Amino acid sequence: MSACLLGVACRYDGKRKPNEAVIALKEKYNLIPVCPEIMGGLPTPRLPSEIRGETVIMENGEDVTDKYSRGAEETLRLARLFGCGKAVLKEKSPSCGSGRIYDGTFSKTLTEGNGVTAGMLLANGIRVAGETEIDALSD
């Protein structure tokens with residue numbers, strides 16, 4: 001579960017993005033909050049980042065791919081440790097976005113694709129949905 005969706009102030013801008021439908025999942029599931037960016041070593045707040053090709057670039061041009069990869073690996077490690085089969089992640093994020101992410105031009109243009117963490121979880125058999133798609137995870 002993206003920690004920002006649970007109300008943790010860990011977004012790139014230092015703000016929270018609580019989502020009541022996501023928070024309500026605690027009544028039915030054990031939620032494991034994660035922020036892959038922080039787990040990869042990035043500070044809060046931080047400059048926005050976007051995926052450009054195979055690289056994650058901060059708005060100032062700094063390559064932060066290694067930090068995003070490290071955060072994805074740590075998130076996967078926690079998912080395996082807790083036996084998670086599903087994840088609800090923040091949409092459009094270069095880490096957590098699934099299906100649609102920003103295109104790497106910092107123009108707020110969306111394109112098809114997955115964030116680094118979402119892609120890693122999907123590649124390892126964990127179902128991923130964004131906060132507006134949580135119904136897709138119900139069995």
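In this text the structure is predicted, and so the values were computed from the model without any measurement. (Residues numbered from 1 in each chain as written. Predicted model: local features only at pLDDT ≥ 70, side-chain atom pairs only at ≥ 80, totals over all residues. Heavy atoms only, no water.)

(A) Spotlight on the side chain of Ser-93. Within the secondary structure, Ser-93 sits in the loop between β3 (86–89) and β4 (100–102). What Ser-93 contacts, discounting residues up to four positions off in sequence, is Glu-37, Ile-101 and Gly-115. (Helix = DSSP H or I, 4+ residues; strand = E, 2+ residues; numbered from the N terminus. Contact = heavy atoms within 4.5 Å.)

(B) Local environment of the environment of Leu-89. Residue position: Leu-89 is located in strand β3. A C-alpha to C-alpha distance of 6.4 Å links Leu-89 and Glu-131, two positions 42 residues apart in sequence. Apart from residues no more than four positions distant in its own chain, Leu-89 is found in contact with Ser-2, Leu-5, Cys-96, Ala-118, Leu-121, Val-128, Ala-129, Gly-130 and Glu-131.

(C) Main features of the packing of helix α3 (residues 65–81) against helix α4 (residues 116–123). Relative to each other, α3 and α4 sit at 40°, their axes nearing to 8 Å. Taken together, α3 and α4 sit at an angle that is classed as oblique. Regarding α3 and α4, the two cross each other, and that crossing is right-handed. The segment α3 lies against α4, with Tyr-68, Ser-69, Gly-71, Ala-72, Glu-73, Thr-75, Leu-76 and Ala-79 engaging Val-116, Thr-117, Met-120 and Leu-121. Grouping the amino acids of the contact of α3 with α4 by side-chain chemistry returns 7 nonpolar, 4 polar and 1 charged. (Axes fitted to C-alpha atoms, helices over the stretch in contact; angles between N-to-C directions. Parallel < 35°, antiparallel > 145°, perpendicular 65-115°, else oblique. Left-handed = near helix turned anticlockwise from the far one by under 90°. Nonpolar A, V, L, I, M, F, W, Y, C, P; charged D, E, K, R; others polar.)

(D) Expanded view of α4. Those residues of α4 lying buried are Thr-117, Ala-118 and Leu-121. One side of α4 holds all its buried residues, which, seen down the axis, span an arc of 100°. For α4, the secondary structure elements touched by its buried residues are α2 (36–39), α3, β3 and β6 (127–130). Two residues or fewer after α4 comes Gly-125, characterised by a positive phi angle close to 80°. (Buried < 20%, exposed > 50% of the residue type's maximum accessible area, 1.4 Å probe, protein only. Arc of directions from axis to C-beta.)

(E) Just the environment of Lys-92, in detail. The topology assignment puts Lys-92 in the loop between β3 and β4. You can call Lys-92 partly exposed: its relative accessible area is 36%. Distance from Lys-92 to Asn-60, taken between C-alpha atoms, is 19 Å for residues 32 residues apart in sequence.

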